[in-house]
Amino acid sequence: DAGVIQSPRHEVTEMGQEVTLRCKPISGHNSLFWYRQTMMRGLELLIYFNNNVPIDDSGMPEDRFSAKMPNASFSTLKIQPSEPRDSAVYFCASSFGTQDTQYFGPGTRLTVL
Amino acid sequence: SQQGEEDPQALSIQEGENATMNCSYKTSINNLQWYRQNSGRGLVHLILIRSNEREKHSGRLRVTLDTSKKSSSLLITASRAADTASYFCATDASDYKLSFGAGTTVTVRA
């Protein structure tokens, strides 16, 4: 298996633009997680899906952030409009079960100018 | 808030030496996991230890768990330059998610 796939790997955009991050989890995994990592706040869980259904989005910073999982093999995290403080590395991870080993993607490094 | 807290925040050792880092947590757990993150990469799972286990080994890694003290330690023996990375502990903070600590940054000097 190719592991968790994320795209793009790097994204540079200007404040106010819409940003869409993509994730393909490992086939057969039922749980998908979106994290954000910054030097100041470390690794933060943004949202968690189980069987394509959002279970907990309490970590989503504000209404500018939204996430979808239309099927078991694809998820998106959208920021609209983006702001400089959204600059971070965004990771997607998947696992068989909710507390099982999580497999992380390589991350998307987002820079908002 | 973070359930797990790693200590020390940073560690610098000579190649061939052992590296030890600790993780303390606040509430009861079912299992505790350790992950490694190389610079610019995603986290990679290293080892999982269940609450009824006290010690576990995987290659050069040794993990201990003391549920009475709510703490765990990760020992890397005979360190190599490739072990330079950040190490995170993660606990099952709730029914459906893991809580990651802030990490310990390990630098192995040649």
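The following refers to the structure shown. Predicted, not measured: the structure shown is a model, and the values here were computed from it. Within each chain, residues carry numbers counting from 1 in the order of the written sequence. The lettering of chains begins at A and the numbering of ligands begins at 1, in the order of writing. In keeping with the model being predicted, local features are shown solely for residues with a pLDDT of at least 70 and side-chain atom pairs are shown and tallied solely at 80 or more, while totals for entire chains, interfaces and linings include all residues. The side-chain numbers reported here are obtained from all heavy atoms of the structure, hydrogens and water having been left aside.

## A word on the interface of chain B and chain A
Move 1: Listed per partner, the contact involves 20 residues of chain B and 18 residues of chain A.
Move 2: Should a side-chain nitrogen of Lys or Arg be within 4 Å of a carboxyl oxygen of Asp or Glu, the pair is scored as a salt bridge. Inspection of the region where chain B meets chain A yields zero salt bridges.
Move 3: Polar contact criterion, stated in full: a pair of N or O atoms within 3.5 Å, where within protein one must be able to donate a hydrogen and the other to accept it, and residues adjacent in sequence count only if both atoms are side-chain atoms. Linking chain B with chain A are three residue pairs in polar contact (both at pLDDT 80 or more), by the criterion used here.
Move 4: Helix and strand definitions follow DSSP, with helices as H or I runs of at least four residues and strands as E runs of at least two, each counted in order from the N terminus. For the side of chain B that touches chain A, the secondary structure elements donating two or more residues are strand 4 (31–37) and strand 5 (43–50) of chain B. Any two residues whose heavy atoms approach within 4.5 Å are treated as being in contact.

## Regarding the sheet that holds strand 1 (residues 4–7) of chain B
All names here are of chain B.
Move 1: Paired strands, in this sense, are two strands between which DSSP finds at least two bridges. Judged by pairing direction, the sheet is antiparallel, and its five strands sit side by side in the order 1-3-8-7-6 without closing on themselves. Whereas interior strands pair on both sides, the edge strands pair on one side only; in this sheet they are strand 1 and strand 6 (55–58). For this sheet, the mean inter-axis angle between neighbouring strands, taken without regard to orientation, is 20 degrees.
Move 2: Bridge count for strand 3 (residues 19–25) against strand 8 (residues 71–76) is six bridges, and the pairing is antiparallel. For Cys23, the partnering residue across the bridge sits in strand 8 and is Ser72. Here an angle of 0 to 180 degrees is reported between the N-to-C directions of two axes, which are lines fitted to C-alpha atoms, with helices fitted over the stretch in contact.

## So, the sheet that holds strand 3 (residues 19–24) of chain A
All names here are of chain A.
Move 1: In spatial order, the strands read 1-3-8-7; together these four strands make up an open sheet with antiparallel pairing. Both edges of this open sheet fall to strand 1 (5–7) and strand 7 (65–71), since each of them pairs with a single strand only. Averaged over all neighbouring strand pairs, the angle between strand axes comes to 15 degrees, with direction disregarded.
Move 2: Where strand 1 lies against strand 3, three bridges are found, and the strand directions are antiparallel. Note that in strand 3 the partner of Gln6 across the bridge is Cys23.

## Quick word on the pattern of salt bridges
Move 1: Under the counting rule described, the total for this entry stands at 11 salt bridges over all chains.
Move 2: One salt bridge in this structure joins Arg64(A) and Glu62(A), with 2.8 Å as the shortest N-O distance.
Move 3: The rule is simple: take the accessible area with a 1.4 Å probe, protein chains only, and divide by the maximum for that residue type; under 20% is buried, over 50% is exposed, in between is partly exposed. Owing to a relative accessible area of 10%, Arg64(A) belongs among the buried residues under this scheme.
Move 4: When the shortest N-O distance is used, the salt bridge between Lys56(B) and Glu53(B) registers 3.9 Å.
Move 5: The structure contains a network of salt bridges with shared partners spanning Glu62(A), Arg64(A), Glu83(A), Arg85(A) and Asp86(A).

## Looking at the packing of aromatic side chains
Move 1: Any two rings among Phe, Tyr and Trp, with Trp reduced to its six-membered ring, count as a pair given centres within 6.5 Å; such a pair is stacked if its planes are under 30 degrees apart, edge-to-face if over 60, and tilted if neither. Under the counting rule described, the total for this entry stands at eight aromatic pairs over all chains.
Move 2: Relative to Tyr35(A), the ring of Phe33(A) has its centre 6.3 Å away and its plane inclined at 25 degrees; by these criteria the two rings are stacked. Of the two residues examined, Phe33(A) and Tyr35(A), each falls in the buried class.
Move 3: Put simply, the rings of Phe33(A), Tyr35(A), Tyr48(A), Phe91(A), Phe104(A), Tyr35(B) and Phe100(B) pair up and form one aromatic cluster.

## Comments concerning the state of the cysteines
Move 1: The criterion for a disulfide is a pair of cysteine sulfur atoms lying within 2.5 Å. A complete count under the given rule lists two disulfides over all chains for this structure.
Move 2: What pairs with Cys23(A) in a disulfide is Cys92(A), and their sulfur atoms sit 1.9 Å apart. Residues Cys23(A) and Cys92(A) are joined through a disulfide that is left-handed, its torsion about the S-S bond being -65 degrees. Linking Cys23(A) in strand 3 with Cys92(A) in strand 9 (residues 88–95), this pair joins segments that are 69 residues apart in sequence.
Move 3: Take Cys23(A): its relative accessible area is 1%, and that puts it in the buried class.
Move 4: The disulfide partner of Cys23(B) is Cys89(B), and the gap between their sulfur atoms is 2.1 Å. In this structure the cystine formed by Cys23(B) and Cys89(B) twists about its S-S bond by roughly 65 degrees; its chirality is therefore right-handed. Here Cys23(B), found in strand 3, pairs with Cys89(B), found in strand 9 (residues 85–91); they are 66 residues apart in sequence, far enough to count as distant. For the pair Cys23(B) and Cys89(B), a shared accessibility class is recorded, and that class is buried.

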